[in-house]
Amino acid sequence: MKKMIRWLLALGMAGALLGATAAMAAGETVISVQLDGAPLTFTDAVPQVRDQRTFLPLRAVFEAMGAEVSSEGSVITATRNGKTLAMTLNETAATLTQNGETTPITMDVAPYVDNTTWRTYVPVRFAAQAFGCAVGWDQANSTAIIVDTDKVVDAALEGKSFTFLEKLMAYSEKYNKGIWDVEAGFDASMTMMSLPMVMSGSMKGTVQDSGKMSMDMNMKMDMTEFVAGINLLARMSEGQGVEFTAEEQAMLDSLKEKGIDLSMRGDLGKGNLCLNMRGDLLAQAGMDNDTWYTMDMAAILEQMGMDWTQLLEASQNIDYVTLAKGALSTLPLNDSTTAYPQVKDTVEKIVKALSDEGFVKEGDEYTALLEMEEQGVAFTVVLTLSMKNDAVTAYLMGFHMEAQEEGMTVSMDMTASVDDQDRLTAEINMDMASLLTMSMTMDGKYAPGSTAPATQPPEGAPVVDLMELMAAEMGAEEAALGIIGGADGPTAVLVSGEAN
C-alpha cells in the first residue's frame, strides 16, 4: 500500500527534467547559463562547446550553486549539502560520496583545462545533476537552464504539514507487520483491433512483515472470439483462415477451462523470488511442471546500477523531500523565460494539494484532489481517507489520465481501495485509441494469519537460476548466429556459452 502512496505522489507530481545539453553549432555561438531563473555572469572564463557538448567553468558554476571547490593535482572536488563530488581531469570516471558511501559515476565526456584561461571545464548536464539539480537547453536562445531542485522543493515544503499522509502510512503499517493471509480474484477483458479476449483469475497466499511471501495463482483465458476474428480477417485478406489441429484446439480449450497455475515464494527483503508455472499449455511447450525458477532481484538491479535495499526502503516510507524532487521528471526545460516559473508553480501546486491544507472534510471523509495538464497530457489524482478517532480506517485512491497525440486519444482510469473490514478492491480501464482496450476488476481480502509463508521451493524440487538460464540460451543463440553468419564458414568457437 505504501508503494501505492509513493506511486500516487510520483504520478501526481509529474516531474523531473528531461532536458540535457542539445547539439549546438560550434563557432562564435554565445552561450548563456541560467540558474533558478537568473542569468549567471562569467568574468574570465565563459561556457564552451566541445564535441557537441556544453561545458561550464567548474568553479564559477559550482560556487554559484553553493558548493565549495578545491583541487589537488589533477583531482578536483566540490562539496555541497553533505555531498562530495570528485573528478579527475581528462578522465570520465568520477565519484560521489554521501553519508560515508562512495558511488562511482561515469561521465560521457571528461573535464578538461582550457589552455587559454587555465580554467577547469565540466559538462553542464553532469555539473547540475551531480548535486541533484535539473538541467535543460533553450535552443533558440543558446541558454543552458539549471534549476536547483533542493531550493525549489524546500521552499514549497516550508510551513506545510502532511499529517493526513502520515496517518495513512500508519494505517498501512498493520499490513506490513505480522502474518496476513490474502485472497483475491479478478475478471478482465481485452480487445486488440476490436477482437476480444476474456480472462479471469484467483490468488491465495500469505505474506509476513511485508517481505516474506507465498502465493498461488490461477489464470484462465478464453480466446474463442479472438481466434474466430483472426480467422475472419485471414479469409478476407487471403481467402482462407487458420485451421487448428485437434491438439492445438485442446490446448486452447485447456487454457479456457483449466488455465495456467503460478506459484511464487520469496523473501523480498533479501531480493529473492522463486517461480513455478504449470499447465497443459506449458507442458506442451516443453516446460517441466515441477521446476522452480529463482531470481536474485538484488543482483539484477545491481547490474542496472540500482540498489534493491534502498528501493525497498523508499517504497515503504514517505519521504516528502525525495518525492517532491521526483515530481520534476517530465517537465521540459526548453524555454529560459518560462522554465523556472513553471517548475516552481508545478511543485507548489502539487505540494499544496497533498499537504493537510489540500484535504477537504465532508463528514468522516477527507479528500485531496490534484488536477494537472502538461504537454497535452491531463490527469487527475484523488485520495479519500475515512477517519475515526483521528485515525485512518479506510482509503480510496483514483487516477485518471487522458492524452491527445496525432489525433488519437489515450485514456486510463484506475481506482484502488481498502475498507475498514480489510477488503480490497481495484478497477482499471484503459483505451488506446480503440486499438487496444482493457478492463479489469479485482476483489480480495486480508485476514490475520497464523502460519508463516514458505519462502523457498519445496524440498527436492528441481531449481533453475532464471538469469543463468537466459544467459546460456542467449549465448547459445549468439554462437549459432556466429557459426551461420561467418564470412568464411563455421569458424565461431563456443567457450563458456559465448561466441568467440
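Structure's up top.
The rules we used
- Residues numbered from 1 in each chain as written.
- Predicted model: local features only at pLDDT ≥ 70, side-chain atom pairs only at ≥ 80, totals over all residues.
- Heavy atoms only, no water.
- Helix = DSSP H or I, 4+ residues; strand = E, 2+ residues; numbered from the N terminus.
- Buried < 20%, exposed > 50% of the residue type's maximum accessible area, 1.4 Å probe, protein only.
- Contact = heavy atoms within 4.5 Å.
- Areas by Shrake-Rupley, 256 points an atom, 1.4 Å probe, with all protein chains shown as cover.
- Phe/Tyr/Trp six-rings, centres within 6.5 Å; stacked < 30°, edge-to-face > 60°.
- Pairing = 2+ DSSP bridges.

Novice: So what exactly am I meant to see when it comes to the overall build of the protein chain here?
Specialist: Along the backbone of the protein chain there are 13 helices and 29 strands. The proportion of buried residues among the 500 residues of the protein chain is 38%. Pairs at least 24 residues apart make up 53% of the contacts formed inside the protein chain by residues separated by at least 6 positions. Here the protein chain has roughly 27100 Å² of accessible surface; of this, 53% comes from carbon and sulfur atoms.

Novice: Is there a simple way to explain the packing of aromatic side chains in this structure?
Specialist: Two descriptors summarise a pair of aromatic rings, namely the distance from one centre to the other and the angle between the planes of the rings. All chains considered together, the criterion is met by eleven aromatic pairs. Consider the rings of Tyr-112 and Tyr-121, whose centres lie 5.5 Å apart with planes at 5°: the pair is stacked. Across this residue pair, the class does not change: Tyr-112 and Tyr-121 are buried. Between Phe-164 and Tyr-366, the aromatic rings sit 4.9 Å apart at their centres with planes inclined by 40°, giving tilted as the arrangement. Remark: Tyr-366 occurs in strand β21 (residues 365-374) and Phe-164 occurs in helix α5 (residues 163-173); sequence separation between them is 202 residues. Residues Phe-164 and Tyr-366 agree in their burial class; the two are buried.

Novice: Honestly, the sheet that holds strand β3 (residues 48-50) in this entry has me stumped. Any pointers?
Specialist: Note on sheets: strands pair through backbone hydrogen bonds, and any given pair is parallel or antiparallel. Taken in spatial order, the four strands of this open sheet run β3-β4-β11-β10, and their pairing is antiparallel. At either margin of the open sheet sits one strand with a lone partner, and together these are β3 and β10 (112-113). Pairing geometry for β3 and strand β4 (residues 53-57), over three bridges, is antiparallel. Following the sheet pairing, Val-49 is matched in β4 by Thr-54.

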